[in-house]
Amino acid sequence: MAHAELDRLQACLNSALDTLRKEMNDSQLPPLSQHSSVEHPLDDPNFLPSARLFEARRLSLACMGELKNLIQSPLDRCFEDKLSTYGIVCIDMLIHTGIVDYLADVPNPSQGVPVAELAAKLELDSKKIIPILRCSAANGWVRETRDSSFALNRCSRILIKGQPGWKLVALPGFMTLVETVSHWVTESEWKLSRSPLQTAFQIAYKTPLSAFSWLIERPKLFIHVAGHFQVFGDTSTPSVIADYPWTQLETPVIVDCGGGQGGLVSAILDAHPSFEVIVQDMEDMVAVTGSIMQERRPIQIESGVLKVEAHDLFQPQPRIGNEYSFILRHIMHDWPDEEASQATILSHLARALGPKSKILIIDIIVVPNVDATATTTINSLSHERADYIIPSHFGSASKIISGSSMHMMAMFNSYERSMNEWEKLVRVSGLRITNVYPLRAQASIIECALDS
Ligand SMILES: C[S@@+](CC[C@H](N)C(=O)[O-])C[C@H]1O[C@@H](n2cnc3c(N)ncnc32)[C@H](O)[C@@H]1O
């Protein structure tokens, strides 16, 4: 009997994995292993895969997700999704308890440490550690090497103190925020509001303030969250540098609006030292960024090649004319349409542009996950032309995007935008899209200029 969907998905997965293997061989990358406790080059956020490797990986993940949806019992999936909340808590506990750091520091990290030892050294209850570590192991974060002995694997390395995953520990109150979304959307007095001041965030955190203003009042948390921003931004930095034609930019100065800790402008300066760069952000952020830059790049600060200045996105842009192009990375998704467009952010920038200036919006472009085939990608990877059934946005391989959209909604009444929504936003702000650059990351670059 023909099992059409199963057969096509299996064929698609095989073809994607064959491409992945070939691209890894061509790039002279070592084999992947979940049994290794050593980082693989692909695990390094700064590693830029070839375009084919990036697509093969995304397509493999999409196929595996679709296969899971196809063969798993719906009720089991329902249980699994509901219980997956504990998976989030387990990642945070691996960090908070010090388990990951301890496992990383033992003389032979791949051998595994008995839970009794972890309990004694970290002053924890071994009865509680076992379910936490087994839940983490089921999610691929650690390995159970013998009954009740656990070892670091290559994935848990990203959670070691100072590593990017460690910086992503959830904001206090995050679970309350998640829980509040349903009440906000279905029964609260703000259920139809589009204001960034009437969201699940204000309900959950019992504040009238916007999320950014609330954070400014809590400097320690603000620095912690700025670390989140930087980690999220860093996921696209190598591709932003490699895949945008920077040398064709006709303006000598690049202004990164809401540029956070300055990671992107630093990477631009390293790759293209002929530019001058300016990081703009809120006053409190600029104080942090200024000292980071002073420490890391004193010569460029001194010479004025790199400037850090306070500027509010909701005020007229002081850098005006043909000298300047502007970057907005992960800024627009923080704001609902009215705040983002004609009323404020983009319009202020549009008024500052010269004819040669560009605005580079670096953000996610949502592709509705309709039941179409992701044909272009699949056919570009494979010689066999086949009728595969991967949704157009790679199905479950787009979970970061759909999750981010939910988070933007809960925090700011905003969302990740589709191409139609980007076009509308740009047009009403007096701009036009001159090009779109897909990245080897979740985000793309939407290049805009004045609409003459
Ligand atoms: C999601 S982060 C993006 C950071 C950076 N662009 C990146 O890609 O890493 C949003 C940034 O917007 C800044 N921001 C928020 N409100 C602002 C405002 N009114 N004026 C200027 N910057 C603002 C925040 O301080 C933060 O650095």
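Conventions we followed
- Residues numbered from 1 in each chain as written.
- Predicted model: local features only at pLDDT ≥ 70, side-chain atom pairs only at ≥ 80, totals over all residues.
- Heavy atoms only, no water.
- Helix = DSSP H or I, 4+ residues; strand = E, 2+ residues; numbered from the N terminus.
- Rg over C-alpha atoms; globule rule 2.2 N^0.38 Å.
- Buried < 20%, exposed > 50% of the residue type's maximum accessible area, 1.4 Å probe, protein only.
- Lys, Arg positive; Asp, Glu negative; His and termini not counted.
- Charge placed at Lys NZ, Arg CZ, Asp CG, Glu CD.
- Phe/Tyr/Trp six-rings, centres within 6.5 Å; stacked < 30°, edge-to-face > 60°.
- Lys NZ or Arg CZ within 6 Å of the ring centre and 35° of its normal.
- Axes fitted to C-alpha atoms, helices over the stretch in contact; angles between N-to-C directions.
- Contact = heavy atoms within 4.5 Å.
- Nonpolar A, V, L, I, M, F, W, Y, C, P; charged D, E, K, R; others polar.
- Domains from an automatic or database assignment.
- Core = buried A, V, L, I, M, F, W, Y, C linked by side-chain atoms within 4.5 Å.
- Near = heavy atom within 4 Å.
- Polar contact = N/O pair within 3.5 Å; in protein donor to acceptor, adjacent residues only side chain to side chain.
- Areas by Shrake-Rupley, 256 points an atom, 1.4 Å probe, with all protein chains shown as cover.

If you check an unreviewed UniProt entry, the protein chain appears there as S-adenosyl-L-methionine-dependent methyltransferase from Rhizopogon vinicolor AM-OR11-026.

Topic: the overall build of the protein chain
When you go through the protein chain residue by residue, the secondary structure sums to 21 helices and 11 strands. Expected size for 452 residues packed as a compact globule is a radius of gyration near 22 Å; at 23 Å, the protein chain falls within 12% of this value. Its C-alpha atoms put the protein chain at 65 × 55 × 50 Å along the principal axes. For the protein chain, buried positions account for 47% of its 452 residues. Each charge class in the protein chain was averaged separately, 39 positive and 52 negative side chains, and the resulting centres sit 2 Å apart.

Some thoughts on the packing of aromatic side chains
Tallied over the full model, the rule gives 10 aromatic pairs. Centre to centre, the rings of Phe212 and Phe229 are 6.1 Å apart; their planes meet at 55 degrees, and the pair counts as tilted. Highlighted residues: Phe212 in helix α11 (residues 211-216) and Phe229 in helix α12 (residues 219-234), separated in sequence by 17 residues. A residue is classified by how much of its surface remains accessible, and Phe229, at 38% relative accessible area, is partly exposed. Through a chain of ring-to-ring contacts, the aromatic side chains of Phe212, Phe229, Phe314, Trp335 and Phe412 assemble into a single cluster. Note that Arg417 overlies the ring of Tyr415, its terminal NZ or CZ placed 5.0 Å from the centroid. The ring of Trp422 is capped by Arg417, whose NZ or CZ atom sits 5.5 Å from the centre of that ring.

Points about unusual backbone geometry
Here His330, not a glycine, exhibits a phi torsion of approximately 55 degrees, which is positive. Tracing the sequence through the fold places His330 in the loop between β7 (324-329) and α17 (337-340).

Side note on the packing of helix α3 (residues 74-83) against helix α4 (residues 85-96)
Look at α3 against α4: their axes get within 4 Å of each other, and the N-to-C directions meet at 35 degrees. Contacts from Asp81, Lys82 and Leu83 of α3 reach α4 at Thr85, Tyr86 and Gly87. Among the residues making up the contact of α3 with α4, the classes are represented as 2 nonpolar, 2 polar and 2 charged.

Some details on the domain arrangement of the protein chain
The assigned domain composition of the protein chain is domain 1 (76-167) and domain 2 (227-450). Computed from C-alpha coordinates alone, the two centres of domain 1 and domain 2 are separated by 35 Å.

Focus on the nonpolar core
Leu177, Phe326, Leu328, Met332, Leu346, Ile359 and Ile361 are the most contacted members of the largest nonpolar core, which totals 48 residues. Setting aside anything within four residues of it in sequence, one finds Ile361 in contact with Leu328, Met332, Leu346, Trp422, Val426, Ser444, Ile445, Ile446 and Cys448. In terms of nonpolar packing, the next biggest core, distinct from the first, is built from 24 residues, Trp246, Leu249, Leu306 and Ile327 among them.

Some points on the site of the ligand
The environment of the ligand is formed by 16 residues, the closest being Gly258, Asp281, Asp312, Leu313 and Arg329. Taking Arg329, its side chain carries an N or O atom lying 2.7 Å from an oxygen atom of the ligand. When the ligand is considered free in solution it has 590 Å² of accessible area, and contact with the protein chains removes 96% of it. Residue composition of the shell around the ligand, by class: 7 nonpolar, 5 polar and 4 charged.

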